[in-house]
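Secondary and tertiary structure notes
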Amino acid sequence: MYVSHLECSKCGLHLEPHKIAQLCPTCGAPLLVRYDLAKVKASFSKDALARRKHNLWRYRELLPFQDETSIISLGEVMTPLIPLEKLARSLGATGLYLKDEGLNPGGTFKSRGAAMGVTCAAELGVKAIAMPTNGNAGAAWSIYCAKAGIDAYIVMPVEAPSITRSECAIAGAKLYLVNGLISDAGKIIARAVSKNKWTDASTLKEPYRIEGKKTMGLEIAEQLGWEVPDVILYPTGGGVGIIGIYKALLELREIGWIGDKMPRLVAVQSEGCAPIVKAWEEKQAASEFWPDSSTIAFGINVPKALGDFLVLDAVKQTGGCTIAVSDEEVLHDQAELARTEGLFICPEGAATLSAYKRLLNSGWIKSGEKTVLLNTGSGLKYPNTVRVDVPVLEPSEDIPG
Ligand SMILES: *Cc1c(COP(=O)(O)O)cnc(C)c1O
Ligand SMILES: [Zn+2]
């Protein structure tokens, strides 16, 4: 057992570990899990790790669950880090990789957070969780809760990708749609949680989900032979993924598994919803609510993130930047990647390719810099983003030409 305590990300308050926890009782900021990293360093080795199964549970010394028998697993895999040689060459660059989270259970990286969040919830005796979602998180938590026997109350915007509704429904979650945004769903959940004493599993309102998402950073470092890349581009909504990757790298540095170098972390948003980019450009420590947000990259349509200050800090500390791209570029680059590399990725993931192109053009990324694009989910979950215009033949007709 290596968890030492829970710590408030803002005021630094320490709380006892292994408890059902929500926001900091003093200041209302997110809580983070802290480990006795000296103890981890003394007893965890790269050799021991190399012998373990290729899934996120392999990093158990840096994870918050207490007992291996509590693990709620749906067959997670270590997702591939795919070199995009052909595409990079066409851009005059080398060293471009895509971490493909589309291979996770449920087709998105949200299953990492759900696997850890639900495992810890089950271990701590939680009977019901509730959460607002843009679709993918709700779907992931629904399937893990089904396996754990925990009730899941989910509220998502009517506009959320419709496949995620089916995923929640078939897994037996109690699903509601809201005529509004994820922020509106969040208000409904907050009222329901205080009335019913459910556990609030909203983004960063409990400390364990981020520990699951952190494993993306651990995997990237391991897959690159413990040499971190120069740049990581991440499609940022609530920001848990980028905060988690940063936390992973800090912990790896502390136990001496990577050197002092940090990858420059880039928070990629959509021009239709870019509160973190705006805050960064205005040199603010936190963002403001982005009114009338809209983008086809639905997972990053988050007008105000609870952990915005943590995202901005991760970007700043690593010498990174923020950037917003248009839906047009995203659709173009999603199709280009499928055509050149055979990868059908989600629009959120494609936004990182659009950002890469812009940053390469501006010289912020050098053509030889090792760069990882984080594809957060499979394109199969967004069939409607692809405009298909194909001829229909009668059985007697021939293919023209
Ligand atoms: C939720 C989601 C995001 C945003 O993730 P955060 O870590 O909350 O910023 C990006 N892409 C997809 C596909 C998502 O479902
Ligand atoms: Zn606090």
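What counts, and at which threshold
Residues numbered from 1 in each chain as written. Chains lettered and ligands numbered in written order. Predicted model: local features only at pLDDT ≥ 70, side-chain atom pairs only at ≥ 80, totals over all residues. Heavy atoms only, no water. Axes fitted to C-alpha atoms, helices over the stretch in contact; angles between N-to-C directions. Helix = DSSP H or I, 4+ residues; strand = E, 2+ residues; numbered from the N terminus. Parallel < 35°, antiparallel > 145°, perpendicular 65-115°, else oblique. Left-handed = near helix turned anticlockwise from the far one by under 90°. Contact = heavy atoms within 4.5 Å. Nonpolar A, V, L, I, M, F, W, Y, C, P; charged D, E, K, R; others polar. Phe/Tyr/Trp six-rings, centres within 6.5 Å; stacked < 30°, edge-to-face > 60°. Buried < 20%, exposed > 50% of the residue type's maximum accessible area, 1.4 Å probe, protein only. Near = heavy atom within 4 Å. Polar contact = N/O pair within 3.5 Å; in protein donor to acceptor, adjacent residues only side chain to side chain. Areas by Shrake-Rupley, 256 points an atom, 1.4 Å probe, with all protein chains shown as cover. Pairing = 2+ DSSP bridges. Donors = N, O, S within 2.8 Å, 3.2 Å for Na, K, Ca; no water. Tetrahedral: all angles 85-135°; square planar, octahedral: opposite > 155°, others 65-115°.

1. Description of the packing of helix H9 (residues 215–223) against helix H10 (residues 240–254)
Running from N to C, H9 and H10 cross one another at 55°; their axes reach a closest spacing of 7 Å. Taken together, the axes of H9 and H10 are oblique relative to one another. Relative to H10, H9 is oriented so that their crossing is right-handed. Seen from H9, the contacting residues are Met216, Gly217, Leu218 and Ala221; seen from H10, they are Gly241, Ile245, Ala248, Leu249 and Leu252. Grouping the constituent residues of the contact of H9 with H10 by class yields 7 nonpolar, 2 polar and no charged.

2. Describing the packing of aromatic side chains
A full pass over the atoms with the stated rule returns 5 aromatic pairs. Seen from their ring centres, Trp57 and Phe65 are 5.5 Å apart, and the 85° between their planes marks the pair as edge-to-face. The residues Trp57 and Phe65 share a single accessibility class, namely buried. Where Trp226 meets Trp257, the ring centres are 5.1 Å apart and the plane angle is 80°; that geometry is what we call edge-to-face. Of the two residues, Trp226 sits in the loop between H9 and strand E10 (231–235) while Trp257 sits in the loop between H10 and strand E11 (264–270), which places them 31 residues apart along the sequence. Among the residues examined, Trp226 registers a relative accessible area of 15% and is labelled buried. Taken together through their ring pairs, the aromatic side chains of Phe44, Trp226 and Trp257 make up a single cluster.

3. A closer look at the site of ligand 1
With respect to spatial proximity, 18 residues lie near ligand 1, and among them Lys110, Tyr234, Gly237, Gly239 and Thr376 are the closest. Contacts to ligand 1 include Tyr234, whose side-chain N or O atom sits 2.7 Å from an oxygen atom. Separating an oxygen atom of ligand 1 from a backbone N or O atom of Gly241 is a distance of 2.8 Å. Its free accessible area being 380 Å², ligand 1 has 96% of it covered by the protein chains. Where the shell around ligand 1 is concerned, the elements lending two or more residues are E10 and H10. A breakdown of the residues in the shell around ligand 1 according to their chemical character gives 7 nonpolar, 8 polar and 3 charged.

4. Quick notes on the environment of Ala137
By secondary structure assignment, the location of Ala137 is in helix H5 (residues 136–148). The buried category is assigned to Ala137, whose relative accessible area is 5%. On a C-alpha basis, the gap between Ala137 and Cys168 in space is 9.8 Å, while along the polypeptide they are 31 residues apart. If sequence neighbours within four positions are ignored, Ala137 has contacts with Lys110, Met131 and Arg209.

5. Some details on unusual backbone geometry
Even without glycine at this site, His18 takes up a positive phi of about 55°. Inspection of the secondary structure puts His18 in the loop between strand E2 (14–15) and strand E3 (31–35). Positive phi, close to 60°, is recorded for Lys197, a residue that is not glycine. With respect to the element layout, Lys197 can be found in the loop between helix H7 (182–196) and strand E9 (199–200). Taking relative accessible area as the criterion, Lys197 reaches 71% and is therefore assigned exposed.

6. What to know about the sheet that holds strand E7 (residues 151–157)
An order of E8-E7-E6-E9 is seen for the 4 strands of this open sheet, with the pairing classed as parallel. Edge positions in the sheet fall to strand E8 (174–178) and E9, since each of these pairs with one other strand and no more. The sheet contact formed by E7 and E8 spans 5 bridges and is parallel. What sits directly across from Pro157, in E8, is Val178. Running at roughly 165° to E7, helix H6 (residues 162–170) makes contact with E7 and E8 of the sheet. Across the sheet, H7 touches strand E6 (128–132), E7, E8 and E9, and the angle it forms with E6 is around 155°.

7. Comments concerning the sheet that holds E3
Strand order in the open sheet formed by 3 strands is E2-E1-E3, with antiparallel pairing between adjacent strands. Both outer strands of the open sheet, E2 and E3, are each paired with one neighbouring strand and no more.

8. What to know about the coordination of the zinc ion (ligand 2)
The coordination sphere of the zinc ion (ligand 2), as far as protein atoms go, consists of Cys8 (SG), Cys11 (SG), Cys24 (SG) and Cys27 (SG), spread over 2.3 Å. Around the zinc ion (ligand 2), the 4 donor atoms are arranged such that angles at the metal cover 98 to 117°; this shape is classified as tetrahedral. On the basis of relative accessible area, Cys8 is assigned to the buried category, the value being 2%.

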